[in-house]
Amino acid sequence: MQTQANREVMKQNLKIFLNYITGKLTASHIDIPAQEISTFLAIFIAKVTLSHNTLVTKGTETSLLKSRFPDLHKIYLATCKKLPADLLDQFSEKINNLVNLAGDESEKLIAWAYQFLKRVDEKAAFGKIGHGNAKIEGRELLLTTQFFTDDYMVRYLVDECLKDVNAKSILNTVVIDCASGGGNFLLYSYEVLRDRYQQLFPEWGAQQITDTILNTGILGYDLDPELSRIASLALFVRACRHAIPAKITGIYIFGGIKNDKLGFLAPVVQSSRIRGQTFNGLLKKLEREGQTKIWLTNPPFMGKRDMDIDLKQFLFARYPESKSDLCVSFLQRIVERMGSSDVAGLVAQNNWMYLSSLKGFRKLFLSQQHLRTCVDLGTNAFEDINGEKTNIALLIIGASVDPQTSFVELRQTDLSQKRYLLATKQFPDEVIFKLNQQQFVKNHSFEFNYQFEHRFNNIQKLETYGNYGNPMQGTSTGDNANFVKFAWEVNGSPDWKLVSKGGGFSKWAGLNYYKVYWGENAEKVKANKGSALRNISKMALTQLVYSDTGTLGLNVRVLKPGQVFIASGPGIQVHEGNVFAHMAFLNSRVATFLLKKINPKFTISAGYIAKLPVAPGILNSKTLAKKSSKCLNLKEFYLAHKLPNFEFRHIDYQAIDNVETFIEGQLLADLESDYQRLHLEADIENEITKQYNFNPIELNEIHKVVGANPFAKSKRGLTVDAHQLDNLIASSIDINCLSTSRTINGFSMGSESIFEDLAHKLDVHPSVLLELARKNISLLKQTKVKYYDDLLHKIVLYELGVKQISIYKFEELNIDALVNKLLNRYHFLPSKETLSKKIDYLLNIHHKLSFFNKPLISMERQQLTVGQAYHE
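Residues numbered from 1 in each chain as written. Predicted model: local features only at pLDDT ≥ 70, side-chain atom pairs only at ≥ 80, totals over all residues. Heavy atoms only, no water.

## Quick word on the overall build of the chain
Note the cut-off: Put simply, DSSP marks the helices as runs of H or I at least four residues long and the strands as runs of E at least two long, and each gets a number from the N terminus on. Here the globule rule reads 2.2 Å times residues to the power 0.38, and the radius of gyration is calculated from C-alpha atoms. Relative accessible area decides the class of each residue, using a 1.4 Å probe on protein chains only: under 20% of the type maximum gives buried, over 50% gives exposed, and in between gives partly exposed. Residues are treated as being in contact if the distance between any of their heavy atoms lies within 4.5 Å. Using a 1.4 Å probe, accessible areas were evaluated by the Shrake-Rupley method; residue-level cover was limited to the displayed protein chains.
When helices and strands are tallied, the chain shows 33 helices and 24 strands. A globule of 872 residues ought to have a C-alpha radius of gyration of about 29 Å, and the chain, at 31 Å, matches this closely. Considered along the principal axes of its C-alpha atoms, the chain spans approximately 95 × 70 × 60 Å. Relative to its 872 residues, the chain shows a buried fraction of 57%. Put simply, of all contacts in the chain between residues at least 6 apart along the chain, 76% involve residues at least 24 apart. Just so you have it, the chain exposes about 35,600 Å², and 51% of that area is on carbon and sulfur atoms.

## Looking at the nonpolar core
One broad rule of soluble globular proteins: the nonpolar side chains tend to lie buried together. Formally: Each nonpolar core is a collection of buried residues, namely Ala, Val, Leu, Ile, Met, Phe, Trp, Tyr and Cys, held together in the definition by side-chain atoms within 4.5 Å.
One finds Trp352, Phe585, Leu612 and Tyr692 to be the most contacted residues of the largest nonpolar core, which totals 283 residues. A total of eleven residues in this core trace back to one element, the largest contributor, which is helix α26 (residues 659-692). In this view, Phe585 contacts Tyr465, Ala591, Leu612, Pro613, Val614, Ile618, Leu619, Ile688 and Tyr692; residues no more than four positions away in its chain are not counted.

## Here's the deal with the packing of helix α23 (residues 589-598) against α26
So the rule is basically this: A fitted line through C-alpha atoms serves as each axis, taken over the contacting stretch for helices, and the angle formed by two N-to-C directions is quoted from 0 to 180°. If an angle is under 35 degrees, it is roughly parallel; if it is over 145, roughly antiparallel; if it lies from 65 to 115, roughly perpendicular; otherwise it is oblique. Here the nonpolar group is Ala, Val, Leu, Ile, Met, Phe, Trp, Tyr, Cys and Pro; Asp, Glu, Lys and Arg are the charged ones; every other residue, Gly included, is treated as polar.
One can describe the packing of α23 onto α26 by two numbers: an axis separation of 9 Å at closest approach and a directional angle of 55°. For the element pair α23 / α26, the angle class is oblique. On the side of α23, the interface is formed by Arg589, Val590 and Leu594, while α26 contributes Glu685, Ile688, Thr689 and Tyr692. Looking at the contact of α23 with α26 residue by residue, the class counts come to four nonpolar, one polar and two charged.

## A short note on the sheet that holds strand β17 (residues 564-565)
For clarity, the cut-off: Whether two strands pair comes down to DSSP finding at least two bridges between them.
Ordered in space as β12-β14-β13-β17, the four strands form an open sheet in which the pairing is mixed. Looking at which strands have only one partner, the edges of the open sheet turn out to be β12 (484-486) and β17. Direction of pairing for β12 relative to strand β14 (residues 514-517): antiparallel, over a ladder of three bridges. Bridge pairing links Phe486 to Tyr514 in β14.

## Some remarks on the sheet that holds strand β11 (residues 469-471)
Spatial strand order, β11-β18-β15-β16: four strands in an open sheet with antiparallel pairing. Looking along the sheet, the strands with just one partner apiece sit at the ends: β11 and β16 (556-558). For this sheet, the mean inter-axis angle between neighbouring strands, taken without regard to orientation, is 30°. Two strands pair when backbone bridges link them, and strand β15 (residues 544-546) and β16 are joined in this way by three bridges, in the antiparallel orientation.

## A short note on the packing of helix α15 (residues 326-337) against helix α16 (residues 359-368)
Heads up, the rule is: Two helices that cross are described as forming a left-handed crossing if the nearer one is turned anticlockwise from the farther one by less than a right angle, and a right-handed crossing if clockwise.
Where α15 meets α16, the closest approach of the two axes is 11 Å, and the angle between their N-to-C directions is 25°. Taken together, the axes of α15 and α16 are roughly parallel relative to one another. Pair α15 / α16 crosses with left-handed handedness. In this structure, α15 contributes Val328, Leu331, Gln332 and Val335 to the contact, and α16 contributes Phe361, Leu364, Phe365 and Gln368.

## What to know about the pattern of salt bridges
Rules: The term salt bridge refers to a pairing of a side-chain nitrogen on Lys or Arg with a carboxyl oxygen on Asp or Glu at a separation within 4 Å.
Here the structure, examined in full by the defined rule, presents 35 salt bridges. Lys627 is the salt-bridge partner of Asp683, the closest N and O atoms lying 3.5 Å from each other. Highlighted residues: Asp683 in helix α26 and Lys627 in helix α25 (residues 622-639), separated in sequence by 56 residues.

## Structural notes on the side chain of Thr477
The condition is simple: Polar contact criterion, stated in full: a pair of N or O atoms within 3.5 Å, where within protein one must be able to donate a hydrogen and the other to accept it, and residues adjacent in sequence count only if both atoms are side-chain atoms.
Take Thr477: it is sitting in the loop between β11 and α19 (480-483). You can call Thr477 buried: its relative accessible area is 1%. A distance of 3.1 Å separates a polar atom in the side chain of Thr477 from the backbone nitrogen of Asp479. At 2.5 Å, the side chain of Thr477 forms a polar contact with the side chain of Asn480. When residues no more than four places from it in sequence are discounted, the contact partners of Thr477 are Phe483, Val484, Val516, Val525, Asn528, Ser531 and Ile566.

## Thoughts on the environment of Leu671
Following the sequence through the fold, Leu671 ends up in helix α26. On the accessibility criterion, Leu671 (2% relative accessible area) is buried. C-alpha of Leu671 to C-alpha of Phe236: the two residues are 435 residues apart in sequence and 64 Å apart in space. With residues up to four places along the chain from it excluded, the contact list for Leu671 reads Ile729, Ile754, Phe755, Leu770 and Ala773.

## Examining the environment of Leu311
Topologically, Leu311 is positioned in helix α14 (residues 309-318). Separated by 357 residues in sequence, Leu311 and Leu668 have C-alpha atoms that sit 59 Å apart.

## Notes on the pairing of strand β8 (residues 404-409)
Successive side chains on a regular strand alternate, one facing one side of the sheet and the next facing the other. In terms of burial, β8 is a largely internal element, five of the six residues being buried. The pairing of β8 with strand β9 (residues 432-436) spans five bridges and is antiparallel. Along β9, the bridge assignment pairs Ser406 with Lys434.

## Observations concerning α25
Basically, it comes down to this: One less than the residue count of a helix, multiplied by 1.5 Å, gives the span that helix is expected to have.
Over its 18 residues, α25 runs 26 Å from end to end, which matches the ideal 26 Å to within 8%, given 1.5 Å per residue. Inspection of α25 places Leu624, Ala625, Ser628, Cys631, Leu632, Leu634, Lys635, Tyr638 and Leu639 among the buried residues, and these make up the whole buried set. Elements in contact with the buried residues of α25: β16, α22 (579-586) and α26. Sitting at the head of α25, Ser621 places a side-chain oxygen 3.4 Å from the backbone nitrogen of Thr623.

## Focus: the packing of aromatic side chains
Note the cut-off: Stacked, edge-to-face and tilted labels apply to pairs of Phe, Tyr and Trp rings (six-membered ring for Trp) whose centres lie within 6.5 Å, assigned for plane angles under 30 degrees, over 60, and everything in between, in that order. Put simply, a charge is over a ring when the Lys NZ or the Arg CZ is close to the ring centre, within 6 Å, and near the line of the ring normal, within 35 degrees.
Taken as a whole and judged by the stated rule, the model has 40 aromatic pairs. With a centroid separation of 6.2 Å and an interplanar angle of 80°, the aromatic rings of Tyr20 and Phe91 are classed as edge-to-face. Residue Tyr20 is found in helix α1 (residues 4-27), and its partner Phe91 is found in helix α5 (residues 85-102); the two are separated by 71 residues along the sequence. On the basis of relative accessible area, Tyr20 is assigned to the partly exposed category, the value being 23%. Judged by its relative accessible area of 0%, Phe91 is buried. The interplanar angle of 65° and the centroid separation of 6.3 Å between the aromatic rings of Phe254 and Phe279 together place this pair among those described as edge-to-face. One end of the pair, Phe254, is in strand β3 (residues 253-255); the other, Phe279, is in helix α13 (residues 279-289), with 25 residues separating them in the sequence. Taken together, Trp352, Phe361, Phe365, Phe407, Phe433, Phe440, Phe448 and Tyr450 form an aromatic cluster joined through their ring pairs. It is Lys94 that lies over the ring of Tyr20; its NZ or CZ is 4.6 Å from the centre. Here the guanidinium or amino end of Arg677 rests over the ring plane of Tyr638, the centre of that ring lying 5.7 Å away.

Written as structure tokens, this is what we have:
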């Protein structure tokens, strides 16, 4: 069998070929739908694979496929007629090469081709979301919910679910995939069953084993009828490697019927017919006969927000506990249909374990089924799909002699490590949590907080943050595209209020780029249909805000006077304790760790912040408050020198005597500020950690997830020189010389500190980095070029009358006049010719990037316009 590296090469080769074929069709002005191309390729790949099969009589592969898959073969022939002979020959040669390179897993190319070719249509379907009231419906439902399961997940789940099958049970065991997609689970199940039959019944021949498995051991269904046929084709080609299935042997992978959007979730599953049978009929037969069903599937993922109204209403009525979540509805349906001896191995989003809205489903599950194993993979577990929406777990469900559930927490591992651990099953002790699932019945929401049930016993009795502060939802405008603008887009209009929108990671202060069309008391938003006003009356007494995107962890800032907050930048009202101590706690590694354990999803909801356990004394600590206040002051002073923050203020640029000395001073001041803030955060971290009294095992787990404070590093040696440090610093700041937020190397924790990032990357104490920078400030040439361009950009804005980013006067000016004005006022600028070229770059490239591609100044030929794009 192929290795993982070989499979990746197979995929890459296939993608290159698909780009080639689509490019050739476009160049030749041949318009063939992706669905037809994928069917054409499926039959072509199957033909070539069978032609290499010694069990298939030479030259009979075409007739074999035509008799077995007439509908697919008809599409194949029709596509062949649309292609010029020379193009068909080129495709034939390349497909032969693909199959040869794929070796004994070439049938995988059949489903992969379908998967990769549908990407354009899938992207178009997702692109509709957010425009008007567009929802996913019709064929788009199929395109956007098909997540093809990676091989390492398939192998783990199939091996675990079939490991107990023996001579007594195998003849009464059926593998079922009710969302079979390209057939990944069914193909590998066939291989495992075949090996098991050979071991258990050595007297059986290959023909008998093959026909028995296909006739009685495998059952599939997919709502997409085309995909079900492609999966059937792939399984047939795989089976032919061992024996050509008899003519009376069926491939029982059923497809949905036209206009059906319920599929397996319907009370009676409607499907195609195969040899007079239907999926529902065979499923009923298995249930009547008491056969053991092994459910192996990767259900479709979709929340109710993107769903069309008919499907949403059906799910809510039929599966109310699942709250119209498509994946959870599948879980509920499978749980309902499982018999006492059944086992289910599922790829599912892990949100069902902790979302407050799914409390009802958890209660139902705990009363009806036993979770044997949960491998919590978290995000970025799929090879071809990224992002937080694929935050997943592998579940094995079914009655067991072992009353305990094994949880394996692999959220923090990268994809290669996830693959390795699933393949070897050699999980480190620290990632395994064993406990009786009935422990979850004790908490009022039935949440599967397996980490806290198993460890961190000292925090179980602590009070929660909600007793001291009130995290709140923000207002939804219903139309952010028109109601939320950058501050410089609205030029001081009184109806537009400074707003906390989130939109990134920033602690203490920052991200104040936006204004919202608010009016005096949100009447502008209230008048918009689709808006939802929340906590308006509490805004005057709200002190803190945070970003609701949780990728980099919790990051809390002060709410500025007169500022309001909306949904993506919600507020926190402090009831008891010191506001600055609150901010210190919420910005700590401990808070982010606790939040990620309670709520590993992408969005940070107010309710989960309220559940954070808080050690006594933290929120009233004068020491923490003092250090937190200093962090805020340092951050605000830093932002006052950085575009395009609302806090930005110009300095007296004419007072600059030596520009080189000035730039080095600014750079060094920023680095010193970064270091001081990081040092204060380290002190805050140490103080908070002490209050919790964590034991060494718990501390190790915290550090594994969010990293340890870099000031705890003992290493003082350094392996980089000044030139390399320059490269590292220059790449750590943006075009405005503002330190960019990033994930700390190897951990699920965000940072804006250059020194924190580099200390982890280089495994060195931050003080060593600062000392190297101090001694070699003149050698940091790349970084100083960025600072010079930033300085000149600020001077240009100042001379064009942009005193603050949201207050300016609409004005037009000739570029020569600007250059002459600058040369007259600033002695340190270069020659007129050089300055003209630099300003051309600044305004055409630098300025646009600086202002997030919403430039305040536009330039056309020799004419500059301030505020042109937004002038009415």
